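# Coordinate analysis (summary)
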Amino acid sequence: MQKALVWLRRDLRLYDNAALHHALKESEQIWVAFIFDTDILTPLKQGELDSKGLKHDRRVDFIWQGLMQIDDELKQLGGGLIARFGKPTECIPEIAKALGVETVFTNHDYEPSAIARDEIVQTSLEKLGIQFESFKDQVIFEKKEILTNSNTVFSIFTPYKNNWLKTLQEKDLAFYECNPKPGQLASIPKKLDLPFPSLESMGFCPTGIEAYLPPGSAGGQAFLEDFLSRIDHYQIGRDFPAIKGVSYLSTHLRFGMLSIRGLVREAHRRMLAGSMGATIWLSELIWRDFYFMILANHPRLVDGASFKPDYDNIVWEEGVHAKKLFKAWCEGKTGYPLVDAAMHQLNQSGYMHNRLRMVVASFLTKDLGIDWRWGEAYFAEHLNDFELSSNNGGWQWASSSGCDAQPYFRIFNPITQSEKFDPEGKFIRRYLPQLEKLSKKSIHAPWKVGHIELEAAGIVLGRDYPLPVVDHDEARKKTLVRYSVVKKVG
Ligand SMILES: Cc1cc2nc3c(=O)[nH]c(=O)nc-3n(C[C@H](O)[C@H](O)[C@H](O)COP(=O)(O)OP(=O)(O)OC[C@H]3O[C@@H](n4cnc5c(N)ncnc54)[C@H](O)[C@@H]3O)c2cc1C
């Protein structure tokens, strides 16, 4: 083949990239394109804007910076990134036609809206006589590659994981070489060489995310190296949000700045060498595959359906009071310090530790009686690593409606979770400095603290920090009644 276009989407790297590898193998000349999709970006621009009318969205900034790195890398190799702000269904066929390519190479995307988009692109390309080839790259095993003995899709994680591990072979973790020959990455023809869209021209402002989350493959690689020096202790540290126990790689993984095969290769090798931390971490990466698989096989989940249909009979709180409680949860003003500190972490950085995601999701659904879909939507808007499949899976797990969820009668106690997983109150103090002076015993439930200690800590409840918006024990009883409409236990 003479000419090909590689269309990057959520695989923003130039190494170990299946589509790029195949294009380089099969075509003499290659161009690389990325489209800032107006269908995705326009809805993000709703809500509060800055004084210049620009939206603050860390993800858009993160992607944009990662793509600038890719553009630089491509330029050093003689090419450059063809970047556009528009509709991929129009831009990709237009670019492919103008370049005169024979094939557009890309990697599979599994979300229903992305699948529909790709079908339109493929049809338009075919009308132009251009082929569309897509490859597995985002996951290790996709769709129906891991099945039960009776050839059905798994809905329970542990047997899925066992089968996943049993099925895994070296070829599944193959490294896709992406070494262009001199001149193979073609320079952009003049008529297509438009300026790289600036953040501002697309309606977004810089967010400063790079100060704590360095973008691109270089940023991801640096985080990975740091994590690999700690991976052997992952199983001990991963539940304590105050310490650096987890990898913080989810956002790089979300946008494909790191290769999932690379991460699994590393974890699997260390597991075989006996690292318990690597074994547990690999299990988390398999959860990611699991939720991708669940969504691919149950697309109805995208429309808000509970995995277990009985759970759609639950009547959630509605109306003014529910909205007030939801606002308190979003703003970190529930009066439960661990929940509030977690929400401040999310609002300030776009990240929330996994233990805390479980705690706040349980609190919203089982203490406040609010529909998990409200929380899912809030996370979708604020998480840097927002991933439809894992977010839906996580929320349905916490609210018990999911495929392999915790039983509905298991209700996290936000105080004991706090005492167990933030025993010194370090995490809480980081995000709620007004509670700084409370002792490590008192900080988990300030309303239980006597007047003298509160006064000595300079805290007036209701002024410096809210009183609890609900009583956990009463909320627990209400939740058991609310969930009694669910026919089957679990
Ligand atoms: C309510 C809720 C919502 C969630 N929403 C998302 C989301 O939108 N995007 C997202 O990537 N993860 C989500 N998770 C899963 C998990 O919390 C994050 O992946 C993790 O906190 C990311 O931090 P890390 O990279 O440091 O994780 P690590 O502990 O270092 O884990 C490594 C990687 O494994 C994967 N992983 C870990 N735990 C899970 C899990 N439970 N399910 C699926 N994959 C997992 C992620 O890709 C993660 O980056 C959610 C969990 C819950 C309970």
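Just so we're clear, the structure is a prediction, and the values are computed from it rather than from any experiment. Think of each chain on its own: its residues are numbered from 1, step by step along the sequence as written. It should be noted that, the model being predicted, local features are given only for residues of pLDDT at least 70 and side-chain atom pairs only at 80 or more, the latter also being counted only at that level, while totals for whole chains, interfaces and linings use all residues. Hydrogens are left out, water is left out, and the side-chain values use all remaining heavy atoms of the structure.

## A short note on the overall build of the protein chain
Labels follow the DSSP assignment, with helices taken as runs of H or I lasting at least four residues and strands as runs of E lasting at least two, numbered in each case from the N terminus. The helix and strand inventory of the protein chain stands at 20 helices and seven strands. When the backbone C-alpha atoms are referred to their principal axes, the protein chain occupies close to 80 × 60 × 45 Å. Looking at the 490 residues of the protein chain, the share that counts as buried comes to 56%. It only takes one pair of heavy atoms within 4.5 Å for two residues to be counted as in contact. Here the analysis covers contacts within the protein chain between residues at least 6 apart in sequence; of these, 78% occur between residues at least 24 apart. Using a 1.4 Å probe, the Shrake-Rupley method yields the accessible areas, and only the shown protein chains count as cover for residues. Accessible surface for the protein chain amounts to roughly 21,700 Å². Of this, 54% is attributable to carbon and sulfur atoms. Here Asp and Glu are counted as negative and Lys and Arg as positive; His is not counted, and neither are the chain ends. Just so you know, the charge point we use is NZ for Lys, CZ for Arg, CG for Asp and CD for Glu. Distance from the positive charge centre (60 side chains) to the negative charge centre (62 side chains) of the protein chain: 3 Å. When accessible area is computed with a 1.4 Å probe and restricted to protein chains, residues below 20% of their type maximum are described as buried, those above 50% as exposed, and intermediate ones as partly exposed.

## Considerations on helix α17 (residues 414–421)
Given 3.6 residues to a turn, an α-helix orients residues that are three or four positions apart in the same direction. Inspection of α17 places Pro 414, Ile 415, Gln 417, Ser 418 and Phe 421 among the buried residues, and these make up the whole buried set. One face of α17 carries all of its buried residues, which in axial projection span an arc of 165°. Throughout this description, a polar contact denotes any pair of N or O atoms lying within 3.5 Å of each other; where both atoms belong to protein, one of them has to be capable of donating a hydrogen while the other can accept it, and for residues adjacent in sequence the pair is counted only when both atoms sit in side chains. At the N-terminal boundary of α17, the capping side chain belongs to Asn 413, with an oxygen 2.8 Å from the backbone nitrogen of Ile 415. As used here, the arc belongs to the directions running from the helix axis to the C-beta atoms.

## Considerations on the environment of Leu 185
For Leu 185, the position within the fold is in the loop between α6 (157–167) and β7 (204–205). With 105 residues separating them along the chain, Leu 185 and Gly 80 place their C-alpha atoms 8.1 Å apart. Apart from residues lying up to four places away in sequence, Leu 185 is in contact with Ile 30, Val 32, Leu 74, Leu 77, Gly 78, Gly 79 and Pro 180.

## A few points about the UniProt feature "binding site: FAD" (unreviewed entry) in the protein chain
When the UniProt feature table is mapped onto this chain numbering, "binding site: FAD" (unreviewed entry) sits at Tyr 234, Trp 281, Glu 284, Leu 285, Ile 286, Trp 287, Arg 288, Asp 289, Phe 290 and Tyr 291. Lining the largest cavity, from this annotated set, are Tyr 291. Structurally, the position occupied by Leu 285 is in helix α11 (residues 276–297). Excluding anything up to four places from it in sequence, Leu 285 contacts Leu 253, Ile 260, Leu 263 and Val 264. Looking at where Asp 289 falls in the secondary structure, it is placed in helix α11. UniProt positions are given in the numbering used here, feature names are shortened, and annotations may be inferred rather than shown by experiment. Here the term cavity refers to a set of points on a 1 Å grid, laid over the protein atoms alone, in which a 1.4 Å probe fits but cannot get out; the term pocket refers to an open set having protein on both sides within 12 Å along at least five of seven lines, with lining residues being those that place an atom within 4 Å of a point.

## What about the pattern of salt bridges?
Any two side chains of opposite charge can pair, so long as their charged atoms come close to each other. The term salt bridge refers to a side-chain nitrogen of Lys or Arg lying within 4 Å of a carboxyl oxygen of Asp or Glu. Across all of its chains, the model carries 27 salt bridges by this definition. Here Asp 464 and Arg 463 are joined by a salt bridge, their closest N and O atoms 2.9 Å apart. A relative accessible area of 60% places Arg 463 in the exposed class. Each of Arg 13, Asp 16, Asp 137, Arg 261 and Arg 265 takes part in salt bridges that share partners, so that together they form one network.

## Description of the site of the ligand
Tyr 234, Ser 247, Tyr 248, Asn 354 and Asp 385 are the nearest of the 27 residues found near the ligand. Taking Glu 387, its main chain carries an N or O atom lying 3.0 Å from an oxygen atom of the ligand. Look at the ligand: alone it shows 810 Å² of surface, and the protein chains cover 95% of it. Think of it this way: a molecule belongs to a cavity or pocket when more than half its atoms come within 2 Å of the grid points there. Put simply, the ligand lies in the second largest pocket. Those elements giving two or more residues to the shell around the ligand turn out to be α9 (250–254), α11, α14 (354–367) and α16 (388–398). Top element by residues in the shell around the ligand is α11. It accounts for six residues. In terms of residue class, the shell around the ligand is made up of 16 nonpolar, six polar and five charged. What marks off one domain from the next here is an automatic or database domain assignment. Per-domain counts for the shell around the ligand show at least three residues from each of domain 2 (139–174 + 218–297) and domain 3 (309–483). Here a residue counts as near a molecule or strand whenever at least one of its heavy atoms sits within 4 Å of it. In this count, Pro and Cys sit with the nonpolar residues alongside Ala, Val, Leu, Ile, Met, Phe, Trp and Tyr, while Asp, Glu, Lys and Arg are called charged and the others, Gly among them, polar.

## Digging into the domain arrangement of the protein chain
By the assigned domains, the protein chain splits into domain 1 (1–137), domain 2 (139–174 + 218–297) and domain 3 (309–483). Between the C-alpha centres of domain 1 and domain 2 the distance comes to 26 Å. At the junction of the two partners, domain 1 supplies 18 residues and domain 2 supplies 25 residues. Two parts placed together each lose some accessible area; with a 1.4 Å probe, that loss summed over both constitutes the buried area. Taken over both partners, the interface formed by domain 1 and domain 2 buries close to 1,800 Å², and the fraction arising from carbon and sulfur atoms is 52%. Inspection of the domain 1/domain 2 interface yields four salt bridges. Of the charged contacts in the structure, one is a salt bridge between Glu 145 and Lys 136, with a shortest N-O distance of 2.9 Å. Remark: the boundary between domain 1 and domain 2 carries 13 residue pairs in polar contact (both at pLDDT 80 or more).

## Thoughts on empty space enclosed by the protein
Grid points are joined across faces, edges and corners, and a volume is the space filled by probe spheres set on the points. Counting across every chain of the model gives three cavities of 30 Å³ or more. Computed from the structure, the largest cavity encloses a volume of approximately 70 Å³. In this structure, the largest cavity is lined by Tyr 291, Ile 294, Leu 295, Leu 301, Phe 307, Ser 389, Asn 392, Gly 393, Gln 396, Gly 402 and Cys 403. The set of elements that each furnish at least two residues to the lining of the largest cavity consists of α11 and α16. Broken down by element, the lining of the largest cavity gets its largest block of residues, four residues, from α16. Looking at side-chain class alone, the lining of the largest cavity contains six nonpolar, five polar and no charged residues. Here the lining of the largest cavity spans two domains, and each of domain 2 (139–174 + 218–297) and domain 3 (309–483) adds at least three residues to it. Considering only enclosed or pocket space, the second largest cavity measures out at about 50 Å³ in volume. In terms of lining residues, the second largest cavity is bounded by Arg 10, Asp 11, Arg 13, Asp 137, Gln 138, Leu 253, Gly 256, Leu 258, Ser 259, Ile 260 and Arg 288. Residues belonging to the lining of the second largest cavity are distributed by class as follows: three nonpolar, three polar and five charged.

## Thoughts on the packing of aromatic side chains
Only centres within 6.5 Å qualify two rings of Phe, Tyr or Trp (six-membered ring in Trp) as a pair; their planes then separate them into stacked at under 30 degrees, edge-to-face at over 60, and tilted for everything else. For the structure on display, the rule yields 33 aromatic pairs. Summarising the aromatic geometry, the rings of Tyr 110 and Phe 292 are spaced 5.9 Å apart at their centres and angled 70° between planes, so their arrangement reads as edge-to-face. Taken together, the positions of Tyr 110 in the loop between β5 (103–107) and α5 (112–127) and Phe 292 in helix α11 put the pair 182 residues apart, joining distant regions of the chain. Taken together, Phe 154, Phe 157, Tyr 160, Trp 287, Phe 290 and Tyr 291 form an aromatic cluster joined through their ring pairs. We count a charge as sitting over a ring when the NZ of a lysine or the CZ of an arginine lies within 6 Å of the ring centre and within 35 degrees of the ring normal. Directly above the ring of Trp 7 sits Arg 9, whose terminal nitrogen or CZ lies 4.4 Å from the centroid. One cation-aromatic arrangement involves Arg 300 over Phe 307; the distance from NZ or CZ to the ring centre is 5.8 Å.

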